[in-house]
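Remarks on the overall topology
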Amino acid sequence: MSAAVAARPRTLTRRLLPLQIGVALQGLILWVPIEKLFMTQIGFDAASVGAMAAAYAAVVPLLEVPSGILADRWSRSWVMILGCAALMISSLIGGLSHSVLGYVIAAMILGIYFAFSSGTVDSIVYDTVLEETGSNELYEKWIGRTRAVESAAFVFSALAGGVLAQYTSTRFTYFATIPLVGLAIIGFLRFNEPRLHQAAERMTLRSHVALTFRTMITSRAVLRVLFLVAAAGLLTQAVFEFGPLWLVALAAPAALYGPYWAALVATFGVAGLLIGKLNLERRLLVTVLIILSLAAALLLTWTRSLTVLVAAQVVLGLALALIGIHAGRLLHDAVPSSIRAGVSSGAGTLTWVLFLPFALVFGLVARQNGVYRSGFMLAGAVMVVAVLLVVSIRATRGLAPVEVAATAKEQAVEVTQGAKEVACKQLVELVADYLEDALSPELRTRFEEHLAGCDGCGTYLSQTQRIMAELRDLSDVPELTQPLD
């Protein structure tokens, strides 16, 4: 038993490695740290930046759930590949842009990339862990490692993009991104995608769409966690989108922006490494996270120290990253694999829907009263996240995940080869359950169909039955109570 448990991390490491390589290469978007500088060079002003943000924000929520449903019905790896293609096209058009209109088109295509990526990686990792181990216990550890790899790529691109732009040009960073993202496609192609989402009975597209939306709207357990994921995502987006405004208000030197951005994106990686060692079911840890988040948000309302400001934003980003990973697990626990990517993408849609009015109000308050007053909006959002987190943890404590309750072991076995019939390797794993009459009717039928056409497995079953009968006979023999002469 201990050997089997020890083998699981090694198996998961080998299986998830191509995915992690793909995620890392996909994260090397070299133009991100100099985007605003490039935009000003091609004629953007404050009004056109707002127009671009509106166009981008309109595309993402429109495609989030449809892309998730596509991933559930077709292939999650190929949806990631389509996202890579969109990112490459966006980088190409962005690099070729000499006007606001051209760049707005690039931003809208970038929205396709974010929509196709949102929720898909989490669903892939969750199902892979479940398929390999039959449990969700290692999910946070492995999604954390994947996020750490992605974060390392973000940090590298944040630093390398600025250096590359300095020695070449801002435009060249867009073109240099394209081949790196192209290499990510190879990683996704080599990844052995889990098939749990294809184990359920095939349904029509209309039924699938209806089931996905009905689950998000009518299930109280799912709806509660959806709002938690969306609130945490909204606050994280606000920190990354508006955090630099505090540096602008204090006239921070340009050299500080690169390290500052690298520190912010590094919080995803640090959270990924920490989450496997923390238990967010513990009240003390949750309380500490909430207090730290609230204190960091309140610091942004009054401090004039650049060091304290950056530290506060980093702490807030780290706490939100930890909460976000745990909230993602709660969401995946609450839904079956057949609609997991769709529901997870629905959380992304809800995040954008909530973020748009939040951003408008934040900008209005910042313009009229200064960015420090806007900091109170962040503090208020922290309180909302805190309440939703506590309620969600209490409501789900002691409940079995949907997939585990629905005999994930059977599903993992039956779809390992992606076939409709049981293979010899899977039959061996199911023999004991078959003899104890513990298989579902459908799987028992497939088991017996395989037996009828495979002499080797029939012999194996007969031998197993004979061994079990002999063991029962031995257990029925009365113990010899008299010593032998």
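To keep things clear, this report deals only with the structure shown in the data block.

Reading the values: the criteria
- Residues numbered from 1 in each chain as written.
- Predicted model: local features only at pLDDT ≥ 70, side-chain atom pairs only at ≥ 80, totals over all residues.
- Heavy atoms only, no water.
- Helix = DSSP H or I, 4+ residues; strand = E, 2+ residues; numbered from the N terminus.
- Contact = heavy atoms within 4.5 Å.
- Areas by Shrake-Rupley, 256 points an atom, 1.4 Å probe, with all protein chains shown as cover.
- Phe/Tyr/Trp six-rings, centres within 6.5 Å; stacked < 30°, edge-to-face > 60°.
- Lys NZ or Arg CZ within 6 Å of the ring centre and 35° of its normal.
- Axes fitted to C-alpha atoms, helices over the stretch in contact; angles between N-to-C directions.
- Parallel < 35°, antiparallel > 145°, perpendicular 65-115°, else oblique.
- Expected span 1.5 Å × (residues − 1).
- Buried < 20%, exposed > 50% of the residue type's maximum accessible area, 1.4 Å probe, protein only.
- Arc of directions from axis to C-beta.
- Core = buried A, V, L, I, M, F, W, Y, C linked by side-chain atoms within 4.5 Å.
- Salt bridge = Lys/Arg side-chain N within 4 Å of Asp/Glu carboxyl O.

**Points about the overall build of the protein chain**
Scanning the protein chain from N- to C-terminus turns up 20 helices and zero strands. Counted over contacts in the protein chain with a minimum sequence separation of 6, partners at least 24 positions apart contribute 82%. Carbon together with sulfur atoms contributes 66% to the accessible area of the protein chain, which is approximately 22900 Å² in total.

**Considerations on the packing of aromatic side chains**
Here the structure, examined in full by the defined rule, presents 15 aromatic pairs. Three or more aromatic residues joined by ring pairs form one cluster here, namely F242, W246, W352, F355, F358 and F362. For the cation-ring pair, R145 lies above W142, with the distance from its terminal atom to the ring centre recorded as 4.5 Å.

**Let's talk about the packing of helix 9 (residues 205-218) against helix 10 (residues 220-249)**
Relative orientation of the contacting elements helix 9 and helix 10 amounts to 80°, with a least axis distance of 5 Å. Taken together, the axis directions place helix 9 and helix 10 in an arrangement best described as roughly perpendicular. Contact residues: T215, M216, I217 and T218 in helix 9; R220, V222, L223 and L226 in helix 10.

**Focus: helix 12 (residues 283-299)**
When the terminal C-alpha atoms of helix 12 are compared, their 24 Å separation across 17 residues agrees well with the 24 Å that a helix rising 1.5 Å per residue should span. Burial in helix 12 covers these residues: L285, V286, L289, I290, S293, A296 and A297. When helix 12 is viewed along its axis, its buried side chains cluster within an angular range of 135° and face the same direction. The outward face of helix 12, more than 90 degrees from its buried face, is lined by the exposed residues R283, L284 and I291. Tucked inside the fold, the buried residues of helix 12 contact helix 13 (306-334) and helix 15 (371-396).

**Comments concerning the nonpolar core**
Ranked by internal contacts, the top residues of the largest apolar core, which has 115 residues, are Y103 and L378. Tallying contributions element by element places helix 10 first for this core, with 16 residues. In this view, L378 contacts L235, A238, W246, A297, L300, F358 and F362; residues no more than four positions away in its chain are not counted. Counting ten residues, the second largest nonpolar core, distinct from the first, contains L430, V431, C454 and C457.

**Focus: the pattern of salt bridges**
Where charged atoms from two side chains of opposite charge come close, those side chains can pair. Counted according to the given criterion, the structure contains nine salt bridges. Residues joined in a network through salt bridges with shared partners are D72, R76, D127 and R340.

**Things to note about the environment of G243**
On the secondary structure map, G243 appears in helix 10. According to the relative accessible area criterion, G243 is buried, its value standing at 2%. Between the alpha carbons of G243 and W261 there is a distance of 9.5 Å; along the sequence they are 18 residues apart. If sequence neighbours within four positions are ignored, G243 has contacts with A238, Y260 and Q313.

**Re the environment of F362**
With respect to the helices and strands, F362 occurs in helix 14 (residues 340-369). Residue F362 is classed as buried on the basis of its relative accessible area, which comes to 0%. Each C-alpha atom of the pair F362 and F242 lies 8.8 Å from the other, and the pair is 120 residues apart in sequence. In this view, F362 contacts F242, L245, W246, S374, M377 and L378; residues no more than four positions away in its chain are not counted.

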